[in-house]
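# What the coordinates show
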Amino acid sequence: MRCIRLPAVQNVNTGNRASLRMPLGYVYEKIYLILGTNILQSLITNIVMRINNKEFIRWNSAADMQAMLSYKTNASGTSYLIFDFTERFARDEVAMKLGTIAATDVAGVQDFTIEFDLGVYTQVAASTIVAFADVEAPSANPIINRVQVQQKTIAAAATEQIFLPFGMNGYQVKRVMIKHANITSIRVRRDGVDFFEDLPLALMNQRLTDFGRVPQAGYFMMDFMPDTLQSNAFNTAQVSVGGKPVPVANLDIRVTTSAADTLTVYTESYSLNSQL
């Protein structure tokens, strides 16, 4: 593994939208942004990554992204912003690096960019952002780590459905992280089979803690592979029937809340870059 310095982050100034065009020819495992004077992690919002000008990762805020990293026990620091495309507790190298980003022509990638908004701060000479990345040799692997976001407003205590793509538009879901105030339980049912059978929040958190994860306050985590076994990723595209793959016909995910709530739902999955 090499750790290289990336090109200068463009448009770094108070209230601006900064951007970084990633050099091609590498497989990206992690990206590190060193935040200069007065640029706090909390000021960074609307983080978007694109491959070939097609969005594959979106975080509404650095705080939400950090909640996911802290859950996975990555190091945190207010002077850094870290993007991790690996599963560092996976059992072997292939599993650990399955979702890393191959920014190569043979993987079908001609452009890879990162953009984010900067809030208001006092601009001084040292208010810069310097970027580095852990990289490996070029690869043709088209599988990428993908993060999508949606919001749902619930007017009162209720049980409501959350939509995730399935069937022909499905993929391998690693985790669903829900930012909330009043979720009490969740149910996941695929083609008539329960995967999470109305699990209470406290039990879900205790279960994840037992796997060595760190549940975060204000977030409900549905982790389909807390043991990092890739075979446990939740397939919303196909199921095996009689030894043959059949498209998923029904996916029912329902959350129960004790009061009105606004849910921010992040879905972390494996996807082909051709699916964007």
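See the structure above.
Here goes a summary of the coordinates provided. (Residues numbered from 1 in each chain as written. Predicted model: local features only at pLDDT ≥ 70, side-chain atom pairs only at ≥ 80, totals over all residues. Heavy atoms only, no water.)

Let us look at the overall build of the protein. Along its length, the protein carries three helices and 20 strands. Its C-alpha atoms give the protein a radius of gyration of 19 Å, near enough to 19 Å, the size a compact globule of 276 residues would have. In terms of principal-axis extent, the alpha carbons of the protein reach across some 55 × 45 × 30 Å. Expressed as a percentage of its 276 residues, the buried residues of the protein come to 48%. Counting only contacts in the protein whose residues sit at least 6 apart along the sequence, the fraction spanning at least 24 positions is 77%. Surface exposure of the protein reaches about 12300 Å², of which carbon and sulfur atoms provide 52%. (Helix = DSSP H or I, 4+ residues; strand = E, 2+ residues; numbered from the N terminus. Rg over C-alpha atoms; globule rule 2.2 N^0.38 Å. Buried < 20%, exposed > 50% of the residue type's maximum accessible area, 1.4 Å probe, protein only. Contact = heavy atoms within 4.5 Å. Areas by Shrake-Rupley, 256 points an atom, 1.4 Å probe, with all protein chains shown as cover.)

Even without being a glycine, Thr73 presents a positive backbone phi close to 70 degrees. With a phi angle near 65 degrees, Thr228 is a residue other than glycine that sits in the positive phi range. Within the secondary structure, Thr228 sits in the loop between strand S15 (219-223) and strand S16 (234-235). Taking the relative accessible area as the measure of exposure, Thr228 reaches 2% and is therefore buried.

What follows deals with helix H1 (residues 62-71). Because an α-helix completes one turn every 3.6 residues, residues spaced three or four positions apart along the sequence face the same direction. Buried residues dominate H1, accounting for nine of its 10 residues. Within the span of H1, buried status applies to Ala62, Asp64, Met65, Gln66, Ala67, Met68, Leu69, Ser70 and Tyr71. Positive phi appears at Thr73, one or two residues downstream of H1, with a value of about 70 degrees.

Before going further, it helps to spend a moment on the pairing of strand S5 (residues 54-61). Two strands pair when backbone bridges link them, and strand S4 (residues 44-51) and S5 are joined in this way by six bridges, in the antiparallel orientation. Each bridged residue has a counterpart across the sheet, and for Arg50 the counterpart in S5 is Glu55. Between S4 and S5, which follow one another and run antiparallel, lie two residues, and Asn52 among them has a positive phi close to 50 degrees. (Pairing = 2+ DSSP bridges.)

Moving on, we come to the sheet that holds strand S14 (residues 193-200). Strand order in the open sheet formed by four strands is S11-S19-S13-S14, with antiparallel pairing between adjacent strands. Edge strands, defined here as strands with exactly one partner in the open sheet, are strand S11 (158-162) and S14. When the angles between neighbouring strand axes are averaged without regard to direction, this sheet yields 15 degrees. With seven bridges joining them, strand S13 (residues 183-190) and strand S19 (residues 251-257) adopt antiparallel strand pairing. Within S19, the position partnered with Arg190 by the bridge is Leu251. Where helix H3 (residues 201-210) meets the sheet, it contacts S13 and S14, and its direction lies at approximately 105 degrees from that of S14. (Axes fitted to C-alpha atoms, helices over the stretch in contact; angles between N-to-C directions.)

Under the criterion given, the structure shown has 19 salt bridges. A salt bridge links Glu115 to Arg17; the nearest nitrogen and oxygen atoms lie 3.2 Å apart. With Glu115 in strand S8 (residues 112-118) and Arg17 in strand S2 (residues 17-21), the pair connects residues that are 98 residues apart, well separated along the chain. A relative accessible area of 29% means that Arg17 is categorised as partly exposed. Among the salt bridges present, the one from Asp252 reaches Arg254, with a minimum N-O distance of 2.9 Å. Taking the relative accessible area as the measure of exposure, Asp252 reaches 9% and is therefore buried. Connected through salt bridges with shared partners, the residues Lys72, Glu87, Lys174, Arg175, Asp223 and Glu268 form a single ionic network. (Salt bridge = Lys/Arg side-chain N within 4 Å of Asp/Glu carboxyl O.)

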